[in-house]
Amino acid sequence: MKPVAPLEPSATLSYEQAGVNYELIDPLKVAAQRAAAATGAHLAAHGFKEVAASRGESAYVVDVGPFYIASIVECLGSKALVADEMHKLTGKSYYDSIAQDTIAMAINDLITVGATPLVVQAYWAAGGSEWFADAQRANALVVGWKRACDVCGVAWGGGETPALAGIVADGRIDLAASCTGLVNPKERLSVGDKLAPGDAIVLLASSGIHANGLSLARKLVERLPQGYLTPVLPGLTYGDALLAPTVLYSPVTEALYRAGITPHYCANITGHGWRKLLRHPASHTYRIHTVPEVTPVLKFIQQHARQDDREAYSTLNMGAGFALFVRSADAQRCVEVARSQGVAAWVAGQIEAGPKKLVIEPLAIEFGDDALQLR
C-alpha cells in the first residue's frame, strides 16, 4: 500500500488552531504555582520541608530526613479519542497501549528529579457506567496498566473509577495517573543546582507523538484523504502510528544510577516541544549540534500541517522524548546505558555560558528566554 498524496490546504495548521493555546493556559499554571508555594510551610508541622527548587519542576519533592519523596499527577489527554476512533475503523482495542501512555506521562515526569518510582495510582473517569461493560476494552486497559507497572518496577496501589455522566462525554473516558517515588540516596536529587556550562545534552529517542500534540494530530485528520487510515508508510496507518505507546524512560534512569551516572538535570519533552530544554530557570545557552531522526508520524504531521521547523519543534517532540544533562565525561557512557535498555540516544549538544536560549544549529532555530514561561 503506497502513501496517498496529501490534500494540500494553503494554511499552516498550528497547535493553537487545534484548540490548545499555551498563552491562555500557562498564566493559570504560574498563578497556581505561586499560590501553592505558600502552602509548603505546612510541612514544618510534620517535621518535614519542601525542596524549594522543585517548585515549577516536573515533580514536587519533600525532604523527610533520610531521603526525599517525590510525587506527580498527570493525565493522558485526548489520545483516548484516537483509540476510540480507530476501534470503530478496525475493531481493535488500543487501550493496552494508551494505559502505558498514561503511566508514562506520570513516571517520565517523576524521574526528572532523580526519583525511583514506587507506587502508581489510577484515575479512570468514564462518561457513564456503560463504558465498563465492554469487557474487551476494560480488560485491555487493565492488562496494559499492569504491564507498564511491571516494566517500571512499580506497585499499582489502587485507584478511582467514577462514572461522570454530564462531565465526561458519553462513551468516553478520562485517564490519569499519580506516582510517588523516592530519591534515595539524596545525592540522586536532580533539580539543576549542579547544571553548568560544559555539561552535555543527551537526548533519548521517542516512539512517535507520545501523548502530547494529539489535539493537533486529531484536527489534521480533516485534511487527510482517508482520515486515520491514511498511510504514513506502507503498512502503517496514521491512526496506528499515533497510537504507538509512549516510551517508559525509568529503566534508563535506574540503569544510569547503577552505572554511577547522576544527571545534573533532566527534562521530559512533552507539551511545548523542544522548548522544554529551557525549563531550568538559570541563564545558560543550550546549543544543539545533532538532531535525532524525526519519527515518520511526526514528519507526516509536520508535512500535512504545513508547519515550518520552528513551529514543529516548539510543539512536538520531533524524535526526542527525554533530555539528560550530564557531565561531558559521562555523555557517551550515558548513550551506551540507554541503548542497553533498548532506547536509542545521542550526544546532541552542550551547555554554554551566555544568555538563556536554545540554539538548534542544524535547523537554524533559536528559542529565547521568553519561549517558555512556566514559573
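Refer to the structure presented above.
These figures come from a predicted structure and were not determined experimentally.

Criteria and cut-off values
Residues numbered from 1 in each chain as written. Predicted model: local features only at pLDDT ≥ 70, side-chain atom pairs only at ≥ 80, totals over all residues. Heavy atoms only, no water. Phe/Tyr/Trp six-rings, centres within 6.5 Å; stacked < 30°, edge-to-face > 60°. Helix = DSSP H or I, 4+ residues; strand = E, 2+ residues; numbered from the N terminus. Buried < 20%, exposed > 50% of the residue type's maximum accessible area, 1.4 Å probe, protein only. Lys NZ or Arg CZ within 6 Å of the ring centre and 35° of its normal. Contact = heavy atoms within 4.5 Å. Salt bridge = Lys/Arg side-chain N within 4 Å of Asp/Glu carboxyl O. Axes fitted to C-alpha atoms, helices over the stretch in contact; angles between N-to-C directions. Parallel < 35°, antiparallel > 145°, perpendicular 65-115°, else oblique. Left-handed = near helix turned anticlockwise from the far one by under 90°. Pairing = 2+ DSSP bridges. Core = buried A, V, L, I, M, F, W, Y, C linked by side-chain atoms within 4.5 Å. Polar contact = N/O pair within 3.5 Å; in protein donor to acceptor, adjacent residues only side chain to side chain.

Draft legend 1. Local environment of the packing of aromatic side chains. By the definition in use, this model includes 11 aromatic pairs. Ring centres of tyrosine 265 and phenylalanine 325 lie 5.8 Å apart, and the angle between their planes is 45°; this geometry places the pair in the tilted category. You can see tyrosine 265 sitting in strand 10 (residues 265-268) and its partner phenylalanine 325 sitting in strand 12 (residues 320-326), a full 60 residues away along the chain. Just as tyrosine 265 is buried, phenylalanine 325 falls in that class too. Where tyrosine 286 meets phenylalanine 325, the ring centres are 5.8 Å apart and the plane angle is 75°; that geometry is what we call edge-to-face. Separated by 39 residues along the polypeptide, tyrosine 286 in strand 11 (residues 285-288) and phenylalanine 325 in strand 12 bring together distant segments of the chain. Per residue, the accessibility class of tyrosine 286 equals that of phenylalanine 325, and both read buried. An aromatic cluster is present here, built from Tyr95, Trp131 and Phe132 joined pairwise through their rings. Between lysine 186 and the ring centre of tyrosine 68, over which it is positioned, the NZ or CZ distance is 4.9 Å.

Draft legend 2. Geometry of the side chain of serine 97. Summarising the element assignment, serine 97 is placed in helix 3 (residues 95-110). Non-local contacts of serine 97, meaning those with residues more than four positions away in its chain, are made with Leu243 and Pro245.

Draft legend 3. Broad picture of the pattern of salt bridges. The full count for this structure, using the stated rule, is 18 salt bridges. Its salt-bridge partner being glutamate 50, residue arginine 55 comes within 2.8 Å of it at the nearest N-O pair. Measuring nitrogen to oxygen at the nearest pair gives 2.9 Å for the salt bridge that ties aspartate 63 to lysine 186. Taken together, the positions of aspartate 63 in strand 2 (residues 60-63) and lysine 186 in the loop between strand 6 (173-183) and strand 7 (200-205) put the pair 123 residues apart, joining distant regions of the chain. For aspartate 63, a relative accessible area of 13% corresponds to the buried category. Connected through shared salt-bridge partners, Asp84, Glu85, Lys88 and Arg172 make up one network.

Draft legend 4. Representation of the environment of asparagine 184 in the model. By the secondary structure assignment, asparagine 184 is in the loop between strand 6 and strand 7. Residue asparagine 184 is classed as partly exposed on the basis of its relative accessible area of 40%. In this structure the C-alpha to C-alpha distance between asparagine 184 and proline 66, which are 118 residues apart in sequence, comes to 8.0 Å. Not counting the four nearest positions on each side in its chain, asparagine 184 is found in contact with Pro66 and Phe67.

Draft legend 5. Spatial organisation of the packing of helix 3 against helix 4 (residues 135-152). Contact geometry of helix 3 with helix 4 gives a least axis separation of 7 Å together with a crossing angle of 40°. The angle between the axes of helix 3 and helix 4 places the two elements in the oblique class. By crossing handedness, the relation of helix 3 to helix 4 is classed as right-handed. Contacts from Tyr95, Asp96, Ala99, Gln100, Thr102, Ile103 and Ile107 of helix 3 reach helix 4 at Arg137, Ala140, Leu141, Gly144, Trp145, Arg147, Ala148, Cys149 and Cys152.

Draft legend 6. How the structure looks around the sheet that holds strand 4 (residues 116-126). If you trace the six strands from one edge of the open sheet to the other, you get 1-2-3-6-4-5, paired in mixed fashion. Only two strands of the sheet have a single neighbouring strand rather than two, namely strand 1 (49-50) and strand 5 (155-160). Pairing between strand 1 and strand 2: two bridges, direction antiparallel. Residue pairing across strands places glutamate 50 opposite valine 62, the latter belonging to strand 2.

Draft legend 7. A look at the nonpolar core. With 111 residues, the main nonpolar core has Tyr95, Trp145, Leu204, Tyr238, Trp274, Ile301 and Phe325 as its most contacted residues. Top contributing element to this core by residue count: helix 3, with nine residues. Once residues lying within four places of it in the same chain are set aside, the contact partners of phenylalanine 325 are Leu195, Ala200, Ile201, Pro263, His264, Tyr265, Cys266, Ala267, Leu277, Tyr286 and Ile351.

Draft legend 8. Representation of helix 8 (residues 296-304) in the model. For helix 8, the set of buried residues is Val297, Leu298, Phe300, Ile301, Gln302 and His304. Elements that come into contact with the buried residues of helix 8 comprise helix 5 (214-220), strand 8 (231-233), helix 6 (238-242) and helix 9 (309-313).

Draft legend 9. Fine view of the side chain of serine 58. With respect to the helices and strands, the residue serine 58 is situated in the loop between strand 1 and strand 2. Judged by relative accessible area, serine 58 falls into the buried class, the value being 8%. One polar contact links serine 58 to arginine 279, side chain to side chain, over a distance of 3.1 Å. Leave out the neighbours within four places in its chain, and serine 58 touches Ile72, Asp109, Thr112 and Arg279.

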